[in-house]
Amino acid sequence: MQLPPHGTSRAELRRMMAAARAHDVRWREGRVFSLVYDAGEDVKEVAQEAYMAFFAENALNPTAFPSLRRFESEVIAMTASLLHGDEQVAGNMTSGGTESLLMTMLTAREWARAHHPHIVTPEVVLPASAHPAFDKAAHYFGMRLVRTPLRQDFRADVAAMEEAITPNTVMLVGSAPSYPQGVVDPIADIAALARARGLLCHVDACVGGMMLPFVERLGYPTPPWDFRVPGVTSISVDLHKYGYTAKGASIILYRTKALRRHQLFASIDWSGGIYASPTMAGTRPGGVIAAAWAVMTYLGEAGYLERARTVMDVRDAILAGVASIPDLHVLSDPDMSILALASETLDIYLVADEMSVRGWHLDRQQHPPSLHMTLHYGHKDIVEPFLGDLRASVDAVRRPTPRRLIYTLLMVLMRWLTGILPERWLSWLTQRAAGLLAGGGQELPQRSAPMYGIMGTLPNRGDVKELVLDLVESFTELNTRSGQ
Ligand SMILES: *Cc1c(COP(=O)(O)O)cnc(C)c1O
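Computed from a prediction, not measured in an experiment: that's the story for all the values here.

Q: I tried to follow the pattern of salt bridges on my own but got confused; where do I start?
A: Oppositely charged side chains can pair when the atoms bearing their charge come close. A full pass over the atoms with the stated rule returns 26 salt bridges. Note that Lys241 and Asp238 form a salt bridge whose closest N and O atoms lie 2.9 Å from each other. Taking the relative accessible area as the measure of exposure, Lys241 reaches 18% and is therefore buried. For Asp238, a relative accessible area of 1% gives the class buried. When the shortest N-O distance is used, the salt bridge between Arg364 and Asp353 registers 2.8 Å. Here the residue Arg364 occupies a position in strand β12 (residues 363-365), and Asp353 occupies one in helix α11 (residues 348-357), the gap between them amounting to 11 residues. One salt-bridge network, held together by shared partners, links Arg151, Asp153, Arg155, Asp333 and Asp335.

So, in structure tokens, the structure goes:
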């Protein structure tokens with residue numbers, strides 16, 4: 001693939017793009033339960049208008065664009081007040097939850113360098129369910145994560161966290177809620193522990209920060225998690241999730257300016273002039289900031305509350321529907337609108353495959369196997385068709401078919417092989433499997449239960465990691481055909 005020698009007409013471009021997305025997941029019909037958050041056509045238009053109006057502006061230098069500086073400050077202030085922060089709270093917009101978590105980890109490391117200089121490798125204690133962006137941050141910044149097991153109800157086990165604290169620990173983490181099972185960790189206990197030990201405490205409210213305040217106002221029992229909890233020192237909130245704004249928008253908030261100071265960067269001797277920036281990015285798109293400001297101002301408290309009410313009604317209906325299907329249940333008791341479908345009796349990955357065939361895109365989770373659902377406003381009309389297809393899928397999985405028999409035999413065989421084969425052979429087999437996966441066409445396979453099942457049986461996690469990295473490599477290979 002090379003740059004086309006003579007360019008392409010705009011009509012032709014539109015045609016090419018429409019063709020390219022033919023096999024994308026159908027989020028507009030509410031058939032996807034992660035990746036996209038939809039608050040309705042009007043909200044999308046508000047975001048798009050604001051984005052386009054500030055399409056070219058750059059927030060790298062806030063003195064050049066007082067407009068963006070004002071929007072960003074107001075977005076941060078609106079978010080902080082929603083989370084009961086006082087005037088001491090300081091924060092920044094970032095490009096997403098990952099960058100917000102990178103920032104809180106960097107801040108913890110720099111805070112430790114300033115206040116506990118004897119610590120060589122700072123450690124962070126967090127529950128098993130916390131987001132992998134923390135691992136990414138530890139990987140980037142030379143820190144160490146200590147993950148602790150969850151309680152039976154999938155919430156953080158604070159006693160286990162306390163046991164994991166060492167002289168090198170700098171921060172404790174809890175999620176509000178966790179992404180896999182949608183439960184809020186016991187933040188008050190985690191924060192009290194952090195306070196007693198003189199540690200920082202981050203609350204990852206990336207997915208819950210723009211939803212839980214309204215869930216609480218609707219009268220659902222909501223455990224404390226925001227700046228009202230003493231000992232919480234920072235919180236991350238994604239606006240591009242339940243804030244329903246354009247992608248590339250998240251907020252990192254610190255309880256004090258002094259703590260936030262550790263995050264900032266300045267280079268003062270460059271020949272290009274003095275260069276300072278608060279977060280990872282240099283150039284920052286003005287459109288994202290304007291869209292966040294516009295959507296929050298357009299919806300206001302009443303708009304978010306109304307959407308949260310609809311979402312919680314959908315959640316309640318799905319919970320009731322799932323409870324009426326034998327063999328299926330929801331893990332734990334979700335605090336918000338995120339839930340995980342599981343089964344004691346059926347292979348839940350097979351249920352996911354049946355749902356894929358019926359046009360529903362559910363992410364497969366592990367430890368234990370379950371199917372992820374993030375419910376948002378765009379799901380308001382799917383309850384009945386979804387539950388109908390879920391019942392049909394469970395019925396289909398209960399009926400034996402040759403395909404399912406082969407799958408079951410394959411799983412038994414794999415478990416037996418992994419028990420007896422030398423490790424070298426298993427590595428070789430895993431690499432062959434990687435080749436097969438990476439080589440598989442452009443469309444996502446509808447039936448993936450064998451793949452997830454086999455991945456789960458492979459004993460050497462190092463091999464599995466290499467396999468996944470092979471896949472990541474294959475996503476941007478240079479010889480990909482042009483998108484016809
Ligand atoms: C989505 C999410 C993140 C990461 O956010 P990105 O915007 O995908 O980078 C972190 N933590 C939790 C709990 C999340 O749900």
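Q: So what exactly am I meant to see when it comes to the pairing of strand β3 (residues 144-148) here?
A: Looking along a regular strand, one sees the side chains alternate between the two faces of the sheet. Here five bridges tie strand β2 (residues 123-127) to β3, and the two strands are oriented parallel to one another. Within β3, the residue paired with Pro127 across the bridge is Thr148. Read from β2 through helix α5 (residues 133-141) to β3, the crossover connection turns out right-handed.

Q: I would appreciate a short explanation of the site of the ligand in the present structure.
A: The full set of residues close to the ligand is Gly96, Gly97, Thr98, Leu101, His131, Tyr179, Asp204, Cys206, Val207, Asp238, His240 and Lys241. Between the ligand and Asp204, the relevant distance is 2.7 Å, taken from a nitrogen atom to a side-chain nitrogen or oxygen of the residue. At a separation of 3.3 Å, an oxygen atom of the ligand approaches a polar side-chain atom of Asp238. Alone, the ligand offers 380 Å² of accessible surface; in the complex the protein occludes 84% of this. Ranked by residues supplied to the shell around the ligand, first place goes to helix α4 (residues 97-115) with three residues.

Q: Is there a simple way to think about the packing of aromatic side chains in this case?
A: Two measures describe an aromatic ring pair: the distance that separates the ring centres and the angle between the ring planes. Evaluation of the coordinates by the stated rule reveals 10 aromatic pairs. An angle of 75° between the planes, with centres 5.2 Å apart, marks the rings of Tyr37 and Tyr242 as edge-to-face. Here Tyr37 is found in the loop between α1 (10-20) and α2 (41-53), whereas its partner Tyr242 is found in the loop between β6 (234-238) and β7 (250-254), with 205 residues between them in sequence. By the burial criterion, Tyr37 is buried, and Tyr242 matches it. Between Tyr140 and Phe141, the aromatic rings sit 6.4 Å apart at their centres with planes inclined by 75°, giving edge-to-face as the arrangement. Pairwise contacts between aromatic rings join Phe33, Trp360 and Phe386 into one cluster. The aromatic ring of Trp360 is capped on one face by Arg31, whose charged end is 4.0 Å from the ring centroid. For the cation-ring pair, Arg307 lies above Tyr377, with the distance from its terminal atom to the ring centre recorded as 4.9 Å.

Q: Looking at this structure, I do not really get the pairing of β6. What am I missing?
A: Within β6, five of the five residues are buried, which leaves the element mostly enclosed by the surrounding structure. Of the two faces of β6, the one holding Ser234, Ser236 and Asp238 and the one holding Ile235 and Val237 are both buried throughout. Relative to β6, strand β5 (residues 200-204) runs parallel, the two sharing three bridges. Following the sheet pairing, Asp204 is matched in β6 by Ser236. Tracing the backbone out of β5, into helix α8 (residues 212-217) and back to the parallel element β6 gives a crossover that is right-handed. Relative to β7, β6 runs antiparallel, the two sharing five bridges.

Q: Sorry, what's going on with the confidence of the model for the chain here?
A: The predicted model of the chain has a mean per-residue pLDDT of 92, with 95% of residues at 70 or higher. In the predicted structure, residues 438-443 sits below a pLDDT of 50 and forms four contacts with residues beyond four places in sequence or in another chain.

Q: Is there a simple way to explain the packing of α11 against helix α15 (residues 449-457) in this structure?
A: Packed helix pairs are characterised by how far apart their axes lie and by the angle those axes make with each other. Contact geometry of α11 with α15 gives a least axis separation of 9 Å together with a crossing angle of 155°. Here α11 lies roughly antiparallel to α15, going by the angle between them. In this structure, α11 crosses over α15, and the sense of that crossing is right-handed. Between α11, through Tyr349, Leu350 and Asp353, and α15, the contact on the second element is made entirely by Ala449, Pro450, Tyr452 and Gly453. Per-class residue counts for the contact of α11 with α15 are five nonpolar, one polar and one charged.

The rules behind these values
- Throughout this document, residue positions are counted from 1 along each chain, in the order its sequence is written.
- The model is predicted, so local features are restricted to residues of pLDDT at least 70 and side-chain atom pairs to those at 80 or more, both for listing and for counting; the totals for chains, interfaces and linings are taken over all residues.
- To obtain the side-chain values, all non-hydrogen atoms of the structure were included, while hydrogens and water were left out.
- Salt bridges, as used here, are contacts in which a Lys or Arg side-chain nitrogen is within 4 Å of a carboxyl oxygen on Asp or Glu.
- For the exposure calls, accessible area comes from a 1.4 Å probe over protein chains only, and a residue counts as buried if that area is under 20% of its type's maximum, exposed if over 50%, partly exposed in between.
- Helix numbers and strand numbers start at the N terminus; a helix is a DSSP run of H or I with at least 4 residues, a strand a run of E with at least 2.
- Should DSSP find at least two bridges between two strands, the strands are taken to pair.
- We call a crossover right-handed when, viewed with both strands directed away from the observer, the connection leading from the first strand over the helix to the second proceeds clockwise.
- Definition of nearness: a residue and a molecule or strand are near each other if at least one heavy atom of the residue lies within 4 Å of the molecule or strand.
- Whenever a nitrogen or oxygen atom comes within 3.5 Å of another N or O atom, the pair is scored as a polar contact, on the condition that within protein one atom can donate a hydrogen and the other can accept it, and that pairs from neighbouring residues in sequence are kept only if both atoms are in side chains.
- Here the Shrake-Rupley method, with its probe set to 1.4 Å, supplies the accessible areas, and only the displayed protein chains count as covering residues.
- Pairing of aromatic rings covers Phe, Tyr and the six-membered ring of Trp, with a centre-to-centre limit of 6.5 Å; geometry is then stacked below 30 degrees between planes, edge-to-face above 60, and tilted otherwise.
- In our convention, an over-ring charge means Lys NZ or Arg CZ found within 6 Å of a ring centre and within 35 degrees of that ring's normal.
- Each residue carries a pLDDT value, the predictor's own confidence for that position, ranging from 0 to 100.
- Any pair of residues with heavy atoms lying within 4.5 Å of one another is described as a contacting pair.
- Under this scheme, a helix contributes an axis fitted over its contacting stretch, all axes are lines through C-alpha atoms, and angles between N-to-C directions fall in the 0 to 180 degree range.
- Oblique is the label for every angle not falling under 35 degrees (roughly parallel), over 145 degrees (roughly antiparallel), or within 65 to 115 degrees (roughly perpendicular).
- By the definition used in this description, the sense in which the near helix is turned from the far one sets the handedness, with an anticlockwise turn below a right angle giving left-handed and a clockwise turn giving right-handed.
- Gly is placed with the polar residues, together with every amino acid not listed as nonpolar (Ala, Val, Leu, Ile, Met, Phe, Trp, Tyr, Cys and Pro) or charged (Asp, Glu, Lys and Arg).

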